[in-house]
Amino acid sequence: MSDPHTIILKLYDAGQDIETIADSLAISTRQVYNVLQKHRPDRPRKPRACTSDIPRMIKGLAGQGVKPARIAVVLGVSRQYVYRHLPEASSSNG
């Protein structure tokens, strides 16, 4: 029988997705990712889509004059996260 790393790499190179590989070999997705990180470090990765409404809410609250520290408390995020999104809010206001 082949080495599990070889099987993972063959399945990945054949176009299988991570979850399918893990399920077919009865291993965790983390194990598959570890093998790919070691043997295919430059593999292309899909960009993550922004699915959060928080940046939009930050802009809305900032537009109402709410201070960044208060926005962070209200939304349950860090002040750094709020400040990261404030330049976008101020640039869209003029």
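Because the structure is a prediction, the values reported are computed rather than measured.

### Things to note about helix α5 (residues 68–75)
Each full turn of the α-helix corresponds to 3.6 residues, which orients residues three or four apart in the same direction.
Phase 1: Residues of α5 that are buried: P68, I71, A72 and L75. Buried residues of α5 fall within an arc of 100 degrees about the axis and therefore sit on the same side. Along α5, the residues that are exposed and aim more than 90 degrees away from the buried face are R70 and V73.
Phase 2: A positive backbone phi angle near 70 degrees is found at G76, which sits one or two residues after α5.

### A word on the side chain of H85
Phase 1: Inspection of the secondary structure puts H85 in helix α6 (residues 79–92).
Phase 2: The residues contacting H85, other than those within four sequence positions of it, are P55 and I58.

### Some words on the side chain of R43
Phase 1: The residue R43 is located in the loop between α3 (29–39) and α4 (54–63) in this model.
Phase 2: An unpaired buried charge is present at R43: no salt bridge exists, and D13, the closest side chain of opposite charge, is 9.1 Å distant.
Phase 3: Here R43 is in contact with Y12, Y33 and L36, once residues within four sequence places are set aside.

### As for the packing of helix α1 (residues 4–13) against α3
Phase 1: Contact pair α1 / α3: the axes reach a minimum separation of 10 Å and the direction vectors enclose 85 degrees. If you check the angle between α1 and α3, you find them roughly perpendicular. Of the residues in α3, those touching α1 at H5, I8, L9 and Y12 are V32, V35, L36 and H39.
Phase 2: Counted by class, the contact of α1 with α3 contains 6 nonpolar, 2 polar and no charged residues.

### Brief notes about unusual backbone geometry
Glycine aside, residues mostly have negative phi, and peptide bonds are mostly found in the trans state.
Phase 1: Backbone geometry places A26, a non-glycine residue, at a positive phi of 55 degrees.
Phase 2: Its place among the elements puts A26 in the loop between α2 (18–25) and α3.

### Notes on the environment of Y81
Phase 1: Turning to its location among the elements, Y81 is positioned in helix α6.
Phase 2: On a C-alpha basis, the gap between Y81 and I54 in space is 9.7 Å, while along the polypeptide they are 27 residues apart.
Phase 3: Setting aside chain neighbours within four positions, we find Y81 in contact with I54, P55 and I58.

### Points about the packing of α2 against α3
Phase 1: Orientation of α2 relative to α3, taken along the N-to-C sense of each, is 115 degrees, at an axis distance of 8 Å. As summarised for this structure, α2 and α3 are arranged roughly perpendicular, according to the angle between their axes. In terms of crossing hand, the pair formed by α2 and α3 is right-handed. Taking contact as the criterion, the partners of I18, E19, I21 and A22 in α2 are, on α3, T29, V32, Y33 and L36.
Phase 2: Its residues placed into classes, the contact of α2 with α3 shows 6 nonpolar, 1 polar and 1 charged.

Quick notes on the rules
The written sequence of each chain sets the order in which its residues are numbered from 1. Two thresholds apply to this predicted model, a pLDDT of at least 70 for residue-level local features and 80 or more for giving and counting side-chain atom pairs, whereas whole-chain, interface and lining totals are computed over all residues. As a rule here, side-chain values cover all heavy atoms of the structure and leave hydrogens and water aside. Think of it in three bands: with a 1.4 Å probe and only protein chains considered, a residue is buried below 20% of the maximum accessible area for its type, exposed above 50%, and partly exposed in between. Secondary structure elements follow DSSP: runs of H or I of four or more residues count as helices, runs of E of two or more count as strands, with numbering from the N terminus. To be clear, the arc concerns the directions from the helix axis to the C-beta atoms. The contact rule is simple, with two residues in contact once any of their heavy atoms fall within 4.5 Å. Residues scored as charged are limited to Lys and Arg (positive) and Asp and Glu (negative), so that His and the chain ends carry no count. A carboxyl oxygen of Asp or Glu within 4 Å of a side-chain nitrogen of Lys or Arg is what we treat as a salt bridge. Under this scheme, a helix contributes an axis fitted over its contacting stretch, all axes are lines through C-alpha atoms, and angles between N-to-C directions fall in the 0 to 180 degree range. With respect to orientation, any angle under 35 degrees is reported as roughly parallel, any angle over 145 as roughly antiparallel, any angle of 65 to 115 as roughly perpendicular, and every other angle as oblique. Lys, Arg, Asp and Glu make up the charged group, whereas Ala, Val, Leu, Ile, Met, Phe, Trp, Tyr, Cys and Pro make up the nonpolar group; the residues left over, Gly among them, are polar. Two helices cross in a left-handed way if the nearer one is turned anticlockwise from the farther one by less than a right angle. They cross in a right-handed way if the turn is clockwise.

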